[in-house]
Amino acid sequence: MSKIAFIGGGNMARALIGGLLSSGKSADKIIVAEPVAAAAQALSSDFGIEVSANNIDVVQQADCWVLAVKPQVVKGVVSELAALAAAQQPVVVSIVAGIPLGSLEKWLGGRCPLVRTMPNTPALVGKGITALFANQQASASQRALAEQIMQAAGTTLWVDDEALLDAVTAVSGSGPAYFFRVMEAMIDAGQALGLSQQQASQLTLATAAGAAELAIQSEHSVARLREQVTSPGGTTAAALEVMNDLAIGDLFDQALRAANNRAAELAQEADG
Ligand SMILES: NC(=O)c1ccc[n+]([C@@H]2O[C@H](COP(=O)([O-])OP(=O)(O)OC[C@H]3O[C@@H](n4cnc5c(N)ncnc54)[C@H](OP(=O)(O)O)[C@@H]3O)[C@@H](O)[C@H]2O)c1
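Residues numbered from 1 in each chain as written. Predicted model: local features only at pLDDT ≥ 70, side-chain atom pairs only at ≥ 80, totals over all residues. Heavy atoms only, no water.

J.: Whenever I open this one, the site of the ligand confuses me. Can you help?
T.: Contacts to the ligand come from 24 residues, most closely from Asn 11, Met 12, Glu 34, Val 69 and Ile 95. Taking Met 12, its main chain carries an N or O atom lying 2.7 Å from an oxygen atom of the ligand. At a separation of 2.7 Å, an oxygen atom of the ligand approaches a polar side-chain atom of Glu 34. Contact with the protein chains hides 75% of the accessible area of the ligand, taken as 890 Å² for the molecule alone. Mapping the ligand onto the cavity grids shows that it belongs to the second largest pocket. If one sorts the elements of the shell around the ligand by residue count, helix α4 (residues 71-80) sits on top with three residues. (Near = heavy atom within 4 Å. Polar contact = N/O pair within 3.5 Å; in protein donor to acceptor, adjacent residues only side chain to side chain. Areas by Shrake-Rupley, 256 points an atom, 1.4 Å probe, with all protein chains shown as cover. 1 Å grid on protein atoms, 1.4 Å probe; cavity = no way out; pocket = protein on both sides within 12 Å on 5 of 7 lines; lining within 4 Å. Sits in = over half its atoms within 2 Å of the grid points. Helix = DSSP H or I, 4+ residues; strand = E, 2+ residues; numbered from the N terminus.)

J.: Whenever I open this one, the pattern of salt bridges confuses me. Can you help?
T.: Two side chains of opposite charge can pair, provided their charged atoms sit close to one another. Across all of its chains, the model carries six salt bridges by this definition. Between Arg 257 and Asp 253 there is a salt bridge; the shortest N-O distance is 3.2 Å. Of the two residues, Arg 257 and Asp 253 both sit in helix α13 (residues 248-271), four residues apart, roughly one turn of that helix. Glu 265 is paired through a salt bridge with Arg 262; the nearest N and O atoms lie 2.8 Å apart. Taken together, the residues span about one helical turn, with Glu 265 and Arg 262 both in helix α13 at a distance of three residues. With relative accessibility at 40%, the residue Arg 262 sits in the partly exposed group. (Salt bridge = Lys/Arg side-chain N within 4 Å of Asp/Glu carboxyl O. Buried < 20%, exposed > 50% of the residue type's maximum accessible area, 1.4 Å probe, protein only.)

J.: Looking at this structure, how should I read the sheet that holds strand β2 (residues 30-33)?
T.: Strands belonging to one sheet form pairs held by backbone hydrogen bonds; the direction of such a pair is parallel or antiparallel. Taken in spatial order, the eight strands make up an open sheet running β3-β2-β1-β4-β5-β6-β7-β8, and their pairing is mixed. The strands lining the two open edges of the sheet, one partner per strand, are β3 (50-52) and β8 (154-158). Sheet twist, expressed as the average angle between the axes of neighbouring strands with direction ignored, equals 20°. Both strand β1 (residues 4-7) and β2 contribute to a ladder of four bridges, which runs parallel. Its bridge partner lying in β2, Phe 6 is registered against Val 32. (Pairing = 2+ DSSP bridges. Axes fitted to C-alpha atoms, helices over the stretch in contact; angles between N-to-C directions.)

J.: Sorry, what's going on with the domain arrangement of the protein here?
T.: Accessible area lost during the coming together of the parts is what is often quoted as the interface size. Here the protein is described as being made up of domain 1 (4-165) and domain 2 (173-266). Distance from the C-alpha centre of domain 1 to the C-alpha centre of domain 2: 33 Å. (Domains from an automatic or database assignment.)

J.: How should I be thinking about the layout of surface pockets in this particular structure?
T.: To find the voids left in a structure, one rolls a probe of water-molecule size over its atoms. The space that makes up the second largest pocket amounts to roughly 610 Å³. Around the second largest pocket, the lining is made up of 25 residues, and of these Asn 11, Met 12, Val 69, Lys 70 and Ile 95 lie nearest the centre. Contributing elements (two or more residues each) for the lining of the second largest pocket: α1 (11-22) and α8 (164-173). Here the lining of the second largest pocket gets three residues from one element, more than from any other, and that element is α1. Residues of the lining of the second largest pocket, tallied by class, amount to 14 nonpolar, nine polar and two charged. (Points joined across faces, edges and corners; volume = space filled by probe spheres on them. Nonpolar A, V, L, I, M, F, W, Y, C, P; charged D, E, K, R; others polar.)

J.: Please explain the pairing of β8 as it appears in this structure.
T.: Every regular strand shows the same layout, with side chains that alternate between the two sheet faces. Where strand β7 (residues 128-134) lies against β8, five bridges are found, and the strand directions are parallel. Looking at the pairing, Ala 131 lines up with Leu 157 of β8.

J.: How do you make sense of the pairing of strand β5 (residues 91-94) when you look at a structure like this?
T.: Side chains Val 91 and Val 93 of β5 all project onto a buried face; the interleaved residues Val 92 and Ser 94 project onto the opposite face, where all are buried too. Pairing of strand β4 (residues 64-67) with β5 involves four bridges; the strand directions are parallel. Bridging from a neighbouring strand, Trp 65 pairs with Val 92 of β5. Of the strand pairs in this sheet, β5 and strand β6 (residues 114-118) are connected by three bridges, and their pairing is parallel. Pairing of Val 92 across the sheet is with Leu 114, part of β6.

Below is the structure:
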């Protein structure tokens, strides 16, 4: 069974480690490199796993390396591990936002099995969705292992073109913030109609969660579900007419294009 080394023991790594242990992965098959003593101590006592401040010591023990550091430090971290990557040929799974596989390959000093992933923040409560893209060097079993790691924090899907990870970033990576913004607007509007902040917030959050769950469980498209709750001349129809008059479709089209373009720019900057 593969041993997994997490490089960086922050929020995302904690979410994945917690999920892996709950799904039956044994604690002695997980090791973490984390430089902050308090965070290292917490990981060790919360999960019963080995934690070290030394990245090299940690990766030497594992055949799967999960890069879980911030984008600003990944170049330094990966370059230091290049010789070991060449010698060990691990599968390297990156959850680092916006860093292309080409950059990781360059910093690692050559081609090795790599899987780039794009998770989102609901991973922190086990409800994330992660898109994955692998290079040619990654074997079927290495892809399966990467998928298993990301499924510890929610659901997964594969894309067959790395450029599509920019679109994934625009939809699901940045997506939680869009829903937060919509919920904020609904809470404000509910208060304007006389509800308390607490009431408007409770109603909005439960409605968002319920609508998402209904759509996930239903065999129908979201468009069909919308039609089913929209009686002609009714309250929902009155609200949707306003949204359509204000061009809600164009709003999201332009917003997601902006996020997609920005993701592509950031990837180019990271590669430069
Ligand atoms: N959070 C999300 O939902 C989310 C979604 C999509 C993608 N991501 C990506 O996931 C990655 C991790 O995010 P996060 O939220 O888990 O960040 P985080 O909480 O800041 O975790 C990163 C951890 O790595 C440690 N670290 C820093 N330098 C290191 C080094 N040289 N060697 C080993 N460890 C080092 C950090 O320590 P310090 O505290 O000292 O810096 C920190 O504990 C990021 O690249 C982010 O873009 C996150």
